[in-house]
Amino acid sequence: PEGSSSFAYEAEVSKMLDIVINSLYTNKDIFLRELISNASDALDKIRFLSVTKPELLGETKELEIKVDYDPDNKTLTVRDTGIGMTMDEMVKNLGTVARSGTTNFIKALSESEKNNVNMIGMFGVGFYSTFLVADRVTVASKSNEDDTQHVWESVNGESNFHVGPDPRGNTLGRGTEITLHLKEDADQYLSPYKLKELIRHYSEFVTHPVSLRQIKTVKVPKEEDEFNEDDEPKKDEGDDFEVTEEKVKEKEPEMEEVTTYEYEQINTDPAIWARDKDVITDEEYQEFWQVVSKGDGGQKAEDWTHFTAEGNINFKSILYVPSELPYALQQGQLDQMVNGLRLYVRKVLISDEFDLMPRYLSFVKGVVDSDDLPLNVNRETLQESKIVKIIKKKLVRKAIELIRKMATAPMPEEDEPTEAEIDAEGNSIIPEDKPKKIHPYISWYKKFGLSLKMGCIDDSANRDKLQKLLRFKTSKTDGENDYVSLQEYVDRMKDWQKEIYVFPGESMKALKESSFMDAFIERDVEVIYFTDAIDEYYLGNVREFSGHKFRDITKEGVKFSDEDENVAKRRAKVYAEKFKPLTKYLKKLYGSDVSRVSISKRLGRAPAIVSASEWGNSANMDRIMRAQAW
Ligand code: ADP
Ligand code: MG
């Protein structure tokens, strides 16, 4: 437009736009989800500000989203009465600043084989999905902070965009209007049925009304003309037959087609958490999961809990546990993990990333709505408030309880034998090596166990509960998916056994074959294998489970039954004397590299073993620390 300036997209944005434009495998529908979610964010912002300053709403009091389609001009428009953008904000938000999300998005896309941009929203670059369906995108916006309404415009495939004052003047009271000039092959987004279906799907949980302007052609009687007025004398019904017939003919009015427009609100009851849980289907919960997870953490939630907390502080909440590791956790970028739940106060969104979960539960997503929180304080003050602290505590307990429920769920039944698995006599001929069903918790634990161990280290208040959720491989587990809990381990300890034997090391194979295991195998004593790097920290910080100390078997101090110990002691005494020349010689040979050389009470196959002192680092810890270059 006239008087507008041209800006170049930053290189990263340009690169990403190329990917979006050329992505063949994408479900293009998602552009609408991104536009509605941006509009909803903008509305949340103004609603939040207006709670303390109602005058900010000015003339534009309705907070809503409206979608229009125009088949003649092949345009689709999404309009909101949200916070709007100034010219500077448009330049910044829609093109020049390569936000950190862009880089991650490009990286994630190049890692997946197909250019599936479905996760675009997750990286904070959802707006650009409009170029999946549009040749040209126009954004008009009016902010309270700017007297002039501005337009941003960009043509698909060009490396520039334009921003300038809107030649139409201030047509929007406040808010943003995004117009997509649809591509040739995007005609489907001009169909009211398609649009209605998409809007219903993507706005179901948006807490602002979303309406679609429907074009309707209706037949209405043509305006009466003067001619009819002259017919007045015929009003008299007492006239003859002929006249009556004429009258009937006249009464059938001439019709004409008129186009009318009417907005129909598509989303009706958005606050799912406020509804009675008995009437909410699993599908609805899963759809809401998509909203709160923004696609990060798997297509499906693993499980959820929906509850109302009552007492001094009342709130409603739905907490979800994801089925897949969120992107940042997969990448090991803990600091990048968006840690937060959606917090509402009386259905006003305070933040969609409100810190209500400790670091180790950052994968838990969901919503909290409380009537007891003040609306008129800023986020930081709220974060520090006593009420929020109490809510946090309760949420953590609920999240742990949810995981406990997952862990203790009954094993799913094996599938009925298939036809091929039954012989002619009707006997099952299932092959021995057919893989058995895995408990869903084990599949989940393999991904999230690390976080739970972190919890045992960080959260001493909930440590006992968290430890019960851990699962380990031991010298007695069998195969890839056989794990035991600490409680199971304790239940099958030897009568004399007081401590939990653990063996930290790099790989299962190395541990299994190690000479350290000989004494335990000989005595049929179970040993837990600690092969995660975090296990050493867990061991160092947690130290025991339900009164039983962890004992690192690579260190000194392992004791078996009294009987066993007595025999060993007596034998050691004899041997100590007998082998004195050897131990003396070895001590001299190794000098200060070893702290002492002694007769072992627990060697099997190996003639000698190097072990760590009870209070020093284990060899494994040394290895980990070397790897981390401490
Ligand atoms: P995200 O929504 O994750 O921030 P997007 O690419 O979807 O990323 O949007 C980029 C930015 O553009 C938003 O953060 C917001 O500042 C601005 N924006 C987009 N749409 C609107 C809108 N309808 N009203 C106000 N600002 C908007
Ligand atoms: Mg967005």
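Residues numbered from 1 in each chain as written. Chains lettered and ligands numbered in written order. Predicted model: local features only at pLDDT ≥ 70, side-chain atom pairs only at ≥ 80, totals over all residues.

**A word on the site of ligand 1**
Quick reminder of the rule: As a rule, any residue with its backbone-derived C-beta atom within 6 Å of a molecule or strand is reported as near that molecule or strand. The helix count covers DSSP runs of H or I at least four residues long, the strand count covers runs of E at least two residues long, and both are numbered beginning at the N terminus. For this classification, Asp, Glu, Lys and Arg are treated as charged, while Ala, Val, Leu, Ile, Met, Phe, Trp, Tyr, Cys and Pro are nonpolar and the rest, including Gly, are polar.
Close to ligand 1 lie 16 residues, the nearest being N38, A42, N93, G126 and F127. Put simply, the parts of the chain that give the shell around ligand 1 at least two residues each are α2 (30-52) and α3 (87-96). Considering each element in turn, the shell around ligand 1 owes the most residues, five residues, to α2. Split by residue class, the shell around ligand 1 holds seven nonpolar, six polar and three charged.

**A few points about the UniProt feature "binding site: ATP" (unreviewed entry) in the chain**
Put simply, the rule is: UniProt positions are given in the numbering used here, feature names are shortened, and annotations may be inferred rather than shown by experiment. Each residue is classed by its C-beta neighbour count within 10 Å, where at least 20 other C-beta atoms makes it buried, 12 or fewer makes it exposed, and intermediate counts make it partly exposed; the C-beta atoms are placed from backbone geometry. Placing C-beta atoms from the backbone, we regard two residues as in contact once those atoms come within 7 Å.
Per the UniProt record, "binding site: ATP" (unreviewed entry) is found at E34, N38, D80, M85, N93, S100, G101, T176 and R379. Locating E34 in the fold gives a position in helix α2. Residue position: T176 is located in strand β7 (residues 175-182). Residue T176 is classed as buried on the basis of its C-beta count, with 26 C-beta atoms lying within 10 Å. Ignoring anything within four residues of it in the chain, the contact list for T176 reads A42, D80, G82, G84, M85, V139 and S141.

**Points about unusual backbone geometry**
Phi at R543 is positive, roughly 70°, even though this residue is not glycine. A residue is classified by how many C-beta atoms lie within 10 Å of it, and R543, with 9 of them, is exposed. Positive phi values are uncommon outside glycine, yet S546 reaches one of about 40°. Along the chain, S546 falls in the loop between β18 (544-545) and β19 (548-552). Exposure remark for S546: the 11 C-beta atoms within 10 Å place this residue in the exposed category.

**Thoughts on the packing of helix α12 (residues 440-458) against helix α17 (residues 533-542)**
Convention followed: Helix axes are fitted to C-alpha atoms over the stretch in contact, other axes to C-alpha atoms as well, and angles between N-to-C directions run from 0 to 180 degrees. Should an angle fall under 35 degrees it is taken as roughly parallel, and over 145 as roughly antiparallel, whereas 65 to 115 is taken as roughly perpendicular and any remaining angle as oblique. Crossings are sorted by hand: turned counterclockwise from the far helix by less than a right angle, the near helix makes the crossing left-handed, and turned clockwise it makes it right-handed.
Direction vectors running N to C along α12 and α17 enclose 25°, while the axes themselves pass 9 Å from each other. The angle between α12 and α17 falls in the class roughly parallel. Crossing hand, α12 versus α17: left-handed. Of the residues in α17, those in contact with L450, K453, M454, C456 and I457 of α12 are I534, Y537, Y538, N541 and V542.

**What about the environment of T26?**
When you line up the elements, T26 lands in the loop between α1 (11-21) and α2. Overall, T26 belongs to the partly exposed group, with 17 C-beta atoms counted inside 10 Å. Taking the C-alpha atoms as reference, T26 lies 6.6 Å from N118; in sequence the two are 92 residues apart.

**A closer look at the packing of α2 against helix α5 (residues 192-203)**
Any two packed helices are characterised by how steeply their axes cross, that is the angle between the axes, and by the distance between the axes. Here α2 crosses α5 at 50°, and the two axes come no closer than 9 Å. Between α2 and α5, the angle is such that the two are oblique. Read as a crossing pair, α2 and α5 show a hand that is right-handed. Residues L32, R33 and I36 of α2 pack against L198, I199, Y202 and S203 of α5. Its residues assigned to classes, the contact of α2 with α5 comprises five nonpolar, one polar and one charged.

**A short note on the sheet that holds strand β9 (residues 255-265)**
The strands making up a sheet associate through hydrogen bonds between their backbones, and the pairing can be parallel or antiparallel. The criterion, for reference: Should DSSP find at least two bridges between two strands, the strands are regarded as paired.
Strand order in the open sheet formed by nine strands is β1-β6-β5-β4-β7-β3-β2-β8-β9, with mixed pairing between adjacent strands. Either end of the sheet is taken by a strand with one partner, and the two such strands are β1 (5-8) and β9. The sheet shows a mean angle of 20° between the axes of neighbouring strands, direction not considered. Two strands pair when backbone bridges link them, and strand β3 (residues 75-80) and β7 are joined in this way by six bridges, in the antiparallel orientation. Within β7, the residue paired with T75 across the bridge is H181. Sheet strands touched by α2: β2 (65-70), β3, β7 and β8 (210-221). Its angle to β3, the strand with the most contacts, is close to 20°.

**Overview of the pairing of strand β14 (residues 365-370)**
Extensive coverage of β14 is indicated by the burial of five of its six residues. By the bridge criterion, six bridges tie strand β11 (residues 315-322) to β14 in an arrangement that is antiparallel. Across the sheet, residue F315 finds its bridge partner in β14, namely S370. Bridge analysis of strand β12 (residues 341-345) against β14 gives four bridges, and the strand direction is parallel. Within the sheet, the bridge partner assigned to L343 lies in β14 and is V368.

**Things to note about helix α8 (residues 282-293)**
Heads up, the condition is: For a helix, the expected span equals 1.5 Å multiplied by the number of residues minus one.
Its 12 residues give α8 an end-to-end C-alpha distance of 16 Å, which sits within 8% of 16 Å, the value for a rise of 1.5 Å per residue. Within α8, burial applies to F288, W289, V291, V292 and S293. Lining the buried residues of α8 we find β10 (301-309), β11, β12 and β14. Within two residues after α8, K294 carries a phi angle of roughly 50°, on the positive side.

**Quick notes on the sheet that holds β12**
Overall, mixed pairing links the five strands, which are arranged β10-β11-β14-β12-β13 in an open sheet. Both edges of this open sheet fall to β10 and β13 (348-354), since each of them pairs with a single strand only. The average undirected angle you get between the axes of adjacent strands in this sheet is 15°.

**Quick word on the pairing of β8**
Of the strand pairs in this sheet, β2 and β8 are connected by three bridges, and their pairing is parallel. Counterpart to I65 in the pairing with β8 is V210. Here 11 bridges tie β8 to β9, and the two strands are oriented antiparallel to one another. By the bridge assignment, K216 is partnered in β9 with T260.

**Thoughts on the environment of P417**
Take P417: it is sitting in the loop between α11 (386-408) and α12. If we skip the residues at most four places from it in the chain, P417 touches I422, S428 and I430.

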